[in-house]
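If you want the building blocks of each chain, they are given just below.
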Amino acid sequence: MNRRPHSYLLLLALGLLLSLGACGGGGGSSAASTSVPTPAPPASTPAPVQTLSAMAALGERAFNDRTLSGSGRMTCATCHDPDFAHGSPNALAVQIGGQFESEFGQRSAPSIRYLERQPAFDPVGIIGGLTADGRADSLAAQSHLVLFNPLEFDNPSVERLAQRVRASVIAADFAKVFGTDGDAATTVAQLEQALQAFQLEDKRLHPYDSKFDWVQAG
């Protein structure tokens, strides 16, 4: 007598029972094994839309313009990367600059965030000011030190930097904001003013987005 059809039906019935148990047909015990989907994390708060003034927008372009450096490869963002809280993007103790990008700086490149509230240098209390020794009393003066430091942007003179500004990709926007009548010293001072305006207006440089800041803001 051939038993194969009966064996086949038996296996089919057993498979059906097992599938019903897996779908929750086995009573209360299956409810405990039912997986609960993990809720998706809340969407991150979008960055606030900001509108920079014409001078600050020019400063942002200058902040990322390589042609203003002696090497033609270094920008402000090289040492103050927005993706690294406007600090150095690597583990080097000091950054490398100069005309041939072969000179090591003398100090680390700290974040340049939250400098808009820095008080002027107080020689009595030895506090305030910009840079490690407080010798710059404004963001414009601070950028001047970087632009002419031989270990950083390495511009040899205001005349040379003014030439670079007039030949750079920001030249047309620079002329719209400041005109074209200034001498070399005026051009450099205007460039530094634009860099300062960018640092003061761009919210990424002073986001105040910690929990403490949120509580303070209500």
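Check the entry above for the structure.
Residues numbered from 1 in each chain as written. Predicted model: local features only at pLDDT ≥ 70, side-chain atom pairs only at ≥ 80, totals over all residues. Heavy atoms only, no water.

Participant: Describe the overall build of the protein, and please don't skip the residues or the numbers.
Facilitator: Scanning the protein from terminus to terminus reveals nine helices and two strands. Helices and strands appear in the protein in the N-to-C order α-α-α-α-β-β-α-α-α-α-α. In the protein, which comprises 218 residues, the share counted as buried stands at 30%. When contacts within the protein are restricted to residue pairs at least 6 apart in sequence, those whose partners lie at least 24 apart make up 56%. (Helix = DSSP H or I, 4+ residues; strand = E, 2+ residues; numbered from the N terminus. Buried < 20%, exposed > 50% of the residue type's maximum accessible area, 1.4 Å probe, protein only. Contact = heavy atoms within 4.5 Å.)

Participant: Can you explain the packing of aromatic side chains? Please cite residues and give values.
Facilitator: By the definition in use, this model includes three aromatic pairs. Aromatic side chains Phe-63 and Phe-198 sit 5.2 Å apart centroid to centroid with 55 degrees between the ring planes, which places their arrangement in the tilted category. Note that Phe-63 is positioned in helix 3 (residues 54–63) and Phe-198 in helix 8 (residues 184–201), a separation of 135 residues in sequence. Relative accessible area serves as the criterion here: at 2%, Phe-198 is assigned to the buried category. (Phe/Tyr/Trp six-rings, centres within 6.5 Å; stacked < 30°, edge-to-face > 60°.)

Participant: Would you mind going over the nonpolar core in detail, with residue names and values included?
Facilitator: By size, the foremost hydrophobic cluster in this structure holds 31 residues, and its most contacted members are Phe-63, Leu-68, Leu-161 and Leu-191. Listing elements by their share of this core, those giving two or more residues are helix 3, helix 4 (76–79), helix 5 (139–147), helix 6 (158–167), helix 7 (171–178) and helix 8. A total of six residues in this core trace back to one element, the largest contributor, which is helix 8. Beyond its immediate sequence surroundings of up to four residues, Leu-161 is in contact with Leu-68, Leu-147, Phe-148, Asn-155, Val-188 and Leu-191. (Core = buried A, V, L, I, M, F, W, Y, C linked by side-chain atoms within 4.5 Å.)

Participant: Could you give me a rundown of helix 5, with the residues and numbers involved?
Facilitator: Along helix 5, the residues that are buried comprise Leu-139, Ala-140, Gln-142, Ser-143 and Leu-147. Viewed end-on, helix 5 has its buried residues packed into an arc of 160 degrees, placing them on one side of the element. Packed against the buried residues of helix 5 are helix 6 and helix 8. (Arc of directions from axis to C-beta.)

Participant: How would you summarise the environment of Arg-73 if you had to cite specific residues and measurements?
Facilitator: The topology assignment puts Arg-73 in the loop between helix 3 and helix 4. For Arg-73, a relative accessible area of 42% translates into the label partly exposed. Along the sequence, Arg-73 and Glu-101 sit 28 residues apart, while their C-alpha atoms lie 8.3 Å from each other. The residues contacting Arg-73, other than those within four sequence positions of it, are Arg-66, Thr-78, Phe-100 and Glu-101. Only 3.1 Å separates the side chain of Arg-73 from the side chain of Glu-101, close enough to count as a polar contact. (Polar contact = N/O pair within 3.5 Å; in protein donor to acceptor, adjacent residues only side chain to side chain.)

That is the geometry; function is a separate question.
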